[in-house]
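Per-entry structural report
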Amino acid sequence: MAEDALTFVGNATTIIRYGGFTLLTDPNFLRAGQYAHLGYGLRSKRLKDPALRPEELPDLDAVVLSHLHDDHWDRVAEGALDRGLPVLTTPAAARTLRGRGFGESAGLATWESTRLTKGDRWVRVHAMPGRHGPGPLHRILPPVMGVLLEFGAGDGEPDLRIYISGDTVMYGGLAEIHRRHPDIDLGVVHLGGTRLLGLVTVTMDGRQGADWLETVRCARAVPVHFDDYTVMKSPRSAFEAEVARRGLGDRLRLVERGERLSLQPAR
């Protein structure tokens, strides 16, 4: 049996294998030099190759998609993925994907959840709040969600909780996550300080990422989505430095492209 692990593919794409489930997050398989189209005529060049091609993926149980932007769901992924796979995403993205032939796409509003089962094992997928830009700007960008994955067996409590931030900036609504889910074992944080037109920051930079870690209070955190595209202006090192300055460096787990972070039951 394959190792229970989180594999970092590149950008926000990871493979999460745990408890008999294999999930793919935010599939982005454009190669270095190709362009992601971000809407309103904007585009961004990819700078680094993903660690895997779609044909190298393991058998998947579902795709978890934070939002429908070309650097999270691209034309390569759309052409390669099985159209019968469940895609768990925002209601807006699910409607679009069903229209493109992904008939098992399911939309989750904030705080809604669904459950996948295999034998006596299950994974509960919760939609968490997210806001892809400051102030009213988020209303003209694709709706985005974070995701909490709770893995468990039978009638028991979850034995591992993983929270994926999605492309969000810090705002007051994120504080509710810790109040509802105080025992998050691993956080996957989307960084990069992405700037549209070089002016407006629409994903967390190093300082906001550290704010996020203090707010969510997950036991460990893996940074992703920080240097794959030209619109990303805040490197991972800025997040590392700010987290260390606040005395939280022991929570970080750095995973390079193609590397794995072993996942063990938390309790």
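Below: a short report on this structure. Keep in mind that what you see is a predicted model, and the values were worked out from it rather than measured.

1. Focus on the overall build of the chain
- A count of helices and strands for the chain gives 5 helices and 17 strands.
- Over its C-alpha trace the chain gives a radius of gyration of 17 Å, about what one expects of a compact globule, namely 18 Å for 267 residues.
- Along the first, second and third principal axes, the C-alpha atoms of the chain reach 50 × 45 × 35 Å.
- Counting all 267 residues of the chain, 54% fall into the buried class.
- The contacts in the chain between residues at least 6 apart in sequence include a share of 63% that link residues at least 24 apart.
- Counting every atom, the chain has about 10,900 Å² of accessible surface; 47% of that belongs to carbon and sulfur.

2. Concerning the nonpolar core
- One finds Ile-16, Leu-149, Phe-151, Ile-162, Tyr-163, Trp-212 and Leu-263 to be the most contacted residues of the largest nonpolar core, which totals 48 residues.
- Other than its neighbours up to four places away in sequence, Leu-263 contacts Asp-4, Ala-5, Leu-6, Ile-16, Arg-17, Tyr-18, Leu-160, Ile-162 and Leu-186.
- In terms of nonpolar packing, the next biggest core, distinct from the first, is built from 18 residues, Leu-24, Leu-57, Leu-60 and Leu-81 among them.

3. Points about the side chain of Ser-105
- By the secondary structure assignment, Ser-105 is in strand E8 (residues 105-107).
- In terms of polar contacts, Ser-105 uses its side chain to reach the backbone carbonyl oxygen of Phe-102, at 2.9 Å.
- Residues contacting Ser-105, with those up to four places away along its chain left out, are Val-87, Ala-94, Leu-97 and Arg-98.

4. Quick notes on the environment of Gln-34
- Note on placement: Gln-34 falls in the loop between strand E3 (21-25) and strand E4 (35-39).
- Considered as a pair, Gln-34 and Lys-45 are 11 residues apart in the sequence and their alpha carbons are 5.7 Å apart.
- Once residues within four sequence positions are removed from consideration, Gln-34 is found in contact with Ser-44, Lys-45, Arg-46 and Arg-75.
- In this structure the side chain of Gln-34 is engaged in a polar contact, spanning 2.6 Å, whose partner is the backbone nitrogen of Arg-31.

5. Overview of empty space enclosed by the protein
- This structure, assessed with the given rule, holds 2 cavities of 30 Å³ or more.
- If you add up the space inside the largest cavity, you get close to 70 Å³.
- The wall of the largest cavity is formed by Leu-38, His-69, Asp-71, His-132, Leu-141, Asp-167, Thr-194, Leu-196, Val-202 and Val-231.
- The calculated volume of the second largest cavity comes to roughly 40 Å³.
- As for the second largest cavity, its lining consists of Thr-25, Asp-26, Val-64, Leu-65, Ser-66, Met-145, Gly-146, Val-147, Ile-164 and Gly-166.
- The class makeup of the residues in the lining of the second largest cavity is 5 nonpolar, 4 polar and 1 charged.

6. Quick look at the packing of aromatic side chains
- This model, assessed by the stated rule, comprises 4 aromatic pairs.
- Looking at Arg-43, its charged tip hangs above the ring of Tyr-35, at a distance of 3.7 Å from the centre.
- Over the aromatic face of Phe-21 sits the side chain of Lys-118, whose NZ or CZ is 5.8 Å from the ring centroid.

7. What to know about the environment of Arg-53
- Mapped onto the elements, Arg-53 comes out in the loop between strand E5 (42-45) and strand E6 (62-64).
- Separated by 22 residues in sequence, Arg-53 and Arg-31 have C-alpha atoms that sit 9.2 Å apart.
- When residues no more than four places from it in sequence are discounted, the contact partners of Arg-53 are Phe-29 and Arg-31.

8. Details of the sheet that holds strand E10 (residues 121-128)
- Within the open sheet, the 6 strands sit side by side as E9-E10-E11-E12-E13-E16. Their pairing is mixed. Each edge of the sheet is formed by a strand with only one pairing partner; in this case those strands are strand E9 (113-118) and strand E16 (220-224). In this sheet, adjacent strand axes meet at a mean angle of 15 degrees when their direction is disregarded.
- Of the strand pairs in this sheet, strand E13 (residues 186-190) and E16 are connected by 5 bridges, and their pairing is parallel. When the sheet's bridge partners are listed, Val-189 is paired in E16 with Pro-223.
- Those strands touched by helix H4 (residues 206-216) are strand E12 (160-164), E13 and E16, and its axis lies near 155 degrees from that of E13.

9. Notes on helix H2 (residues 91-99)
- Residues Ala-93, Ala-94 and Leu-97 constitute the buried set of H2. Buried residues of H2, viewed axially, fall in a sector of 100 degrees; they line one side. Opposite its buried face, H2 presents the exposed residues Arg-95 and Gly-99, each directed more than 90 degrees away.
- Of the residues one or two after H2, Gly-101 is the one with positive phi, at around 105 degrees.

Reading guide: rules and limits
- Throughout this description, residue numbers start from 1 for each chain and increase along the sequence as written.
- Two thresholds apply to this predicted model, a pLDDT of at least 70 for residue-level local features and 80 or more for giving and counting side-chain atom pairs, whereas whole-chain, interface and lining totals are computed over all residues.
- Each side-chain value is worked out from all heavy atoms of the structure, with water and hydrogens disregarded.
- Helix and strand assignments follow DSSP, with helices taken as H or I runs no shorter than four residues and strands as E runs no shorter than two, numbered in order from the N terminus.
- Using C-alpha atoms as the atom set, the radius of gyration is obtained and then compared with a globule rule of 2.2 Å times the number of residues to the power 0.38.
- Working definition: with a 1.4 Å probe on protein chains only, accessible area under 20% of the residue-type maximum means buried, over 50% means exposed, and in between means partly exposed.
- Contacts were defined at the residue level, with two residues in contact if any of their heavy atoms lie within 4.5 Å.
- Note on areas: Shrake-Rupley with a 1.4 Å probe; residue coverage comes only from the protein chains shown.
- What is meant by a nonpolar core is a set of buried Ala, Val, Leu, Ile, Met, Phe, Trp, Tyr and Cys residues, joined one to another through side-chain atoms within 4.5 Å.
- We call two N or O atoms a polar contact when they sit within 3.5 Å, provided that within protein one can donate a hydrogen and the other can accept it, with sequence-adjacent residues counted only if both atoms are side-chain atoms.
- Residues are said to line a cavity or pocket when one of their atoms sits within 4 Å of a point; the points come from a 1 Å grid over protein atoms alone, cavities being sets where a 1.4 Å probe fits but cannot get out and pockets being open sets with protein on both sides within 12 Å along at least five of seven lines.
- Grid points are joined across faces, edges and corners, and a volume is the space filled by probe spheres set on the points.
- Classes in brief: Ala, Val, Leu, Ile, Met, Phe, Trp, Tyr, Cys and Pro nonpolar; Asp, Glu, Lys and Arg charged; the others, Gly included, polar.
- Classification of ring pairs rests on two measures: the distance between centres of Phe, Tyr or Trp rings, Trp counted by its six-membered ring, which must be within 6.5 Å, and the angle between planes, read as stacked under 30 degrees, edge-to-face over 60 and tilted in between.
- Two thresholds decide whether a charge sits over a ring: the Lys NZ or Arg CZ must be within 6 Å of the ring centre and within 35 degrees of the ring normal.
- By definition, two strands form a pair when at least two bridges between them are found by DSSP.
- Axes here mean lines fitted to C-alpha atoms, for a helix over just the part in contact, with angles spanning 0 to 180 degrees between N-to-C directions.
- What the arc covers is the set of directions going from the helix axis to the C-beta atoms.

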